[in-house]
Amino acid sequence: MLERAPVREFRSWYCDSRRWDAYAPRPGDVVIATPPKVGTTWTQQIVNLLIFQSADPRPVSMMSPWIDNRFKGPVGPVLATIEAQTHRRFLKSHLPLDGLPIYDEVRYIHVARGGRDACMSYLNHISGYTALAWAGLDAAGMEEPQIGRPLPRPPKTAREFFHHWMSRGEDSELSLMSQSFFDIERSYWAGRGRSNLLLVHYNDLKADLRGEMGRIADFLDIEVAVDLWPELVDAATFETMKRDGPALLPGMEFGFEGGTETFLNKGTNDRWQAVLTDDDNSLYLQRLEEELSPGLRAWLENGRRIAGDPRNSVD
């Protein structure tokens, strides 16, 4: 049952929230909703492993469609693929919570990561686009009346890209960089009290993968046999996902130079520490203070294990 229709409409080179209008939910559907480069594919793989109770590599990118993705073609075939699925469905989104329809019978998992880490990962991501990927994004922008232009090419050096990511201009917002990053985080933080929304943090996944997978399994009402856990956890490690990349993410070579080797890059945090100056870091921290509440700042930068359970935060 629809609890709340989308409150806002979002259109960018990457996403179009209107593509969710024809989505027909099923009880038990899972929506994994994140900003870019915060552990989206990682969480899709975790949910995949929990649903199928098997560590065998499966094409998670095909099994977990990104509905609001506008640059790979019309939404009709995507919805048809989802409708034909007979397993418990798990879907992907890069929209804020207020851009999604909220259904009682659907579970929503939001994944977050510190902004500077997301920025450095996004630099590797966007720098690896193939000519075909750029063409698809440019076409999406040209076809959208609110945009009407190709996607601007960002700087390629780390510090320049950080300042591009941090800019408050139109290009930054529409390309889902810092303004949309903070907007997305505010929207899920505001909804953190919902019983069908789970907030997961990249830092916590790195620190305690088994424990976080258990949290997700509990949230999804999935029981896992004790002797199966080591196999599932191993299949969710970065090293195993990198090894199984071509099977998990088939066709990635069309979007990224180097295919899965580029897309699944390092899986590490703190690369910004060797790149950003004290002034850069001050700029970022000032932006956090201006735009995010103290509770959200603490959780976004540190995760649940340090900042505490988001549900218990009063701000």
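Residues numbered from 1 in each chain as written. Predicted model: local features only at pLDDT ≥ 70, side-chain atom pairs only at ≥ 80, totals over all residues. Heavy atoms only, no water.

A short note on the packing of helix H6 (residues 158-166) against helix H15 (residues 278-291)
Reasoning step 1: Running from N to C, H6 and H15 point in directions that differ by 20 degrees, and their axes come no closer than 12 Å. In terms of orientation, H6 lies roughly parallel with respect to H15. The element H6 and its partner H15 pack so that their crossing is left-handed. Of the residues in H15, those in contact with Arg159, Phe162, His163, Trp165 and Met166 of H6 are Asp280, Leu283, Tyr284 and Arg287.
Reasoning step 2: Split by residue class, the contact of H6 with H15 holds five nonpolar, one polar and three charged. (Axes fitted to C-alpha atoms, helices over the stretch in contact; angles between N-to-C directions. Helix = DSSP H or I, 4+ residues; strand = E, 2+ residues; numbered from the N terminus. Parallel < 35°, antiparallel > 145°, perpendicular 65-115°, else oblique. Left-handed = near helix turned anticlockwise from the far one by under 90°. Contact = heavy atoms within 4.5 Å. Nonpolar A, V, L, I, M, F, W, Y, C, P; charged D, E, K, R; others polar.)

Digging into the environment of glutamine 44
Reasoning step 1: Structurally, glutamine 44 can be placed in helix H1 (residues 40-52).
Reasoning step 2: Setting aside chain neighbours within four positions, we find glutamine 44 in contact with Ile32, Val60, Ser64, Phe90 and Lys92.

Focus on the side chain of asparagine 69
Reasoning step 1: Tracing the backbone shows asparagine 69 in the loop between helix H2 (60-63) and helix H3 (75-84).
Reasoning step 2: In this view, asparagine 69 contacts Tyr14 and Arg19; residues no more than four positions away in its chain are not counted.

Description of the sheet that holds strand E3 (residues 90-93)
Reasoning step 1: Pairing within the open sheet is parallel, and its four strands lie in the order E3-E2-E5-E6. The open sheet has two edge strands, E3 and strand E6 (197-201), and neither has a second partner. Averaged over all pairs of adjacent strands, the angle between strand axes in this sheet comes to 25 degrees, irrespective of strand direction.
Reasoning step 2: Bridge count between strand E2 (residues 30-33) and strand E5 (residues 107-112): four bridges; the pairing is parallel. Bridge pairing in E5 links valine 31 to tyrosine 108. (Pairing = 2+ DSSP bridges.)

Let's talk about unusual backbone geometry
Reasoning step 1: Even without glycine at this site, lysine 37 takes up a positive phi of about 65 degrees.
Reasoning step 2: Structurally, lysine 37 can be placed in the loop between E2 and H1.
Reasoning step 3: For lysine 37, a relative accessible area of 15% puts it in the buried group.
Reasoning step 4: With a phi angle near 55 degrees, glutamine 53 is a residue other than glycine that sits in the positive phi range.
Reasoning step 5: Its place among the elements puts glutamine 53 in the loop between H1 and H2.
Reasoning step 6: For glutamine 53, a relative accessible area of 28% translates into the label partly exposed. (Buried < 20%, exposed > 50% of the residue type's maximum accessible area, 1.4 Å probe, protein only.)

Here we look at the environment of aspartate 309
Reasoning step 1: Turning to its location among the elements, aspartate 309 is positioned in the segment after helix H17 (304-307).
Reasoning step 2: Overall, the relative accessible area of 33% leaves aspartate 309 in the partly exposed class.
Reasoning step 3: Linking aspartate 309 and valine 200, residues 109 residues apart in sequence, is a C-alpha distance of 9.9 Å.
Reasoning step 4: Engagement of the side chain of aspartate 309 in a polar contact is seen with the backbone nitrogen of arginine 311, the distance being 3.0 Å. (Polar contact = N/O pair within 3.5 Å; in protein donor to acceptor, adjacent residues only side chain to side chain.)

So, the packing of aromatic side chains
Reasoning step 1: Enumeration over the complete set of coordinates arrives at 13 aromatic pairs.
Reasoning step 2: Measuring from ring centre to ring centre gives 5.8 Å for tyrosine 23 and tyrosine 103, while their planes differ by 75 degrees; the resulting arrangement is edge-to-face. Note that tyrosine 23 is positioned in the loop between strand E1 (2-4) and E2 and tyrosine 103 in strand E4 (residues 102-103), a separation of 80 residues in sequence.
Reasoning step 3: Taking relative accessible area as the criterion, tyrosine 103 reaches 12% and is therefore assigned buried.
Reasoning step 4: With a centroid separation of 5.1 Å and an interplanar angle of 75 degrees, the aromatic rings of tyrosine 129 and tryptophan 134 are classed as edge-to-face.
Reasoning step 5: Taking relative accessible area as the criterion, tyrosine 129 reaches 8% and is therefore assigned buried.
Reasoning step 6: When its relative accessible area of 12% is taken as the criterion, tryptophan 134 is described as buried.
Reasoning step 7: An aromatic cluster is defined as three or more aromatic residues linked by ring pairs; in this entry it consists of Tyr129, Trp134, Phe256 and Phe263.
Reasoning step 8: The aromatic ring of phenylalanine 263 is capped on one face by lysine 37, whose charged end is 4.5 Å from the ring centroid.
Reasoning step 9: For the cation-ring pair, arginine 116 lies above tryptophan 272, with the distance from its terminal atom to the ring centre recorded as 3.8 Å. (Phe/Tyr/Trp six-rings, centres within 6.5 Å; stacked < 30°, edge-to-face > 60°. Lys NZ or Arg CZ within 6 Å of the ring centre and 35° of its normal.)

Re the packing of H1 against helix H10 (residues 209-219)
The relative placement of two packed helices comes down to the angle between their axes together with the axis-to-axis distance.
Reasoning step 1: Contact geometry of H1 with H10 gives a least axis separation of 10 Å together with a crossing angle of 65 degrees. In this structure, H1 meets H10 at a crossing whose hand is right-handed. Contact with H1, carried on its side by Trp42, Ile46, Val47 and Leu50, involves Leu209, Met213, Ile216 and Ala217 of H10 and no other residues of that element.
Reasoning step 2: By residue class, the composition of the contact of H1 with H10 is eight nonpolar, no polar and no charged.

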